[in-house]
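A look at the structure
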Amino acid sequence: MIAFDLFCSNGHKFECWFKDSASCGEQIASHMVSCPVCDDHQIERAFSPFMIKSDGGKKEEEFDSQHVQQALQVITDYIDKHFEDVGADFYKEALKIHSGEAEKRNIKGTATTEEEVILKEEGVTFFKVPIIKKMLN
Ligand SMILES: [Zn+2]
């Protein structure tokens, strides 16, 4: 299951669950999705879907956006405490650590798409963490 933030043409934001990204696109295109506020069918998908794999035994309410946001907050707090912020130098530092030029340590920062590709090619292991945006009004 995957949750998408959707917007109607009147700017109402709501969340919808779909089987996958393709079925979300299909249902929007065939006007099967409507805004819960104004019943508008001109729906657009927001960026950055988050994916959740349910074990099937749990109810979907347990995976609502509030819980996800709390979980992300815990991760972000952990990273804030345990990772050195190198900002836009992430790419350079990661390569230095990878090649042994710099001390092995946890770092965090930002990278461009091109830089990510190079890091992957170099075999550098890194994780992408979503930036928390206010999902709840
Ligand atoms: Zn609406």
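Residues numbered from 1 in each chain as written. Predicted model: local features only at pLDDT ≥ 70, side-chain atom pairs only at ≥ 80, totals over all residues. Heavy atoms only, no water.

Ligation of the zinc ion by protein atoms is provided by C8 (SG), H12 (ND1), C35 (SG) and C38 (SG), these donors lying 2.0 to 2.3 Å from the ion. Taken in sequence order, the residues that donate to the zinc ion follow the motif C-x3-H-x22-C-x2-C. Of the two residues, H12 sits in the loop between strand 1 (2-8) and strand 2 (13-18) while C38 sits in the loop between helix 1 (21-29) and strand 3 (43-45), which places them 26 residues apart along the sequence. Overall, C38 belongs to the partly exposed group, its relative accessible area being 31%. (Donors = N, O, S within 2.8 Å, 3.2 Å for Na, K, Ca; no water. Helix = DSSP H or I, 4+ residues; strand = E, 2+ residues; numbered from the N terminus. Buried < 20%, exposed > 50% of the residue type's maximum accessible area, 1.4 Å probe, protein only.)

Tracing the sequence through the fold places D40 in the loop between helix 1 and strand 3. Despite its burial, D40 remains without a salt bridge, the nearest opposite charge being carried by R45 at 16 Å. Within the structure, the side chain of D40 is placed 3.1 Å from the backbone nitrogen of Q42, a separation counted as a polar contact. Setting aside chain neighbours within four positions, we find D40 in contact with C8, S9, N10, V33, S34 and C35. (Lys, Arg positive; Asp, Glu negative; His and termini not counted. Salt bridge = Lys/Arg side-chain N within 4 Å of Asp/Glu carboxyl O. Polar contact = N/O pair within 3.5 Å; in protein donor to acceptor, adjacent residues only side chain to side chain. Contact = heavy atoms within 4.5 Å.)

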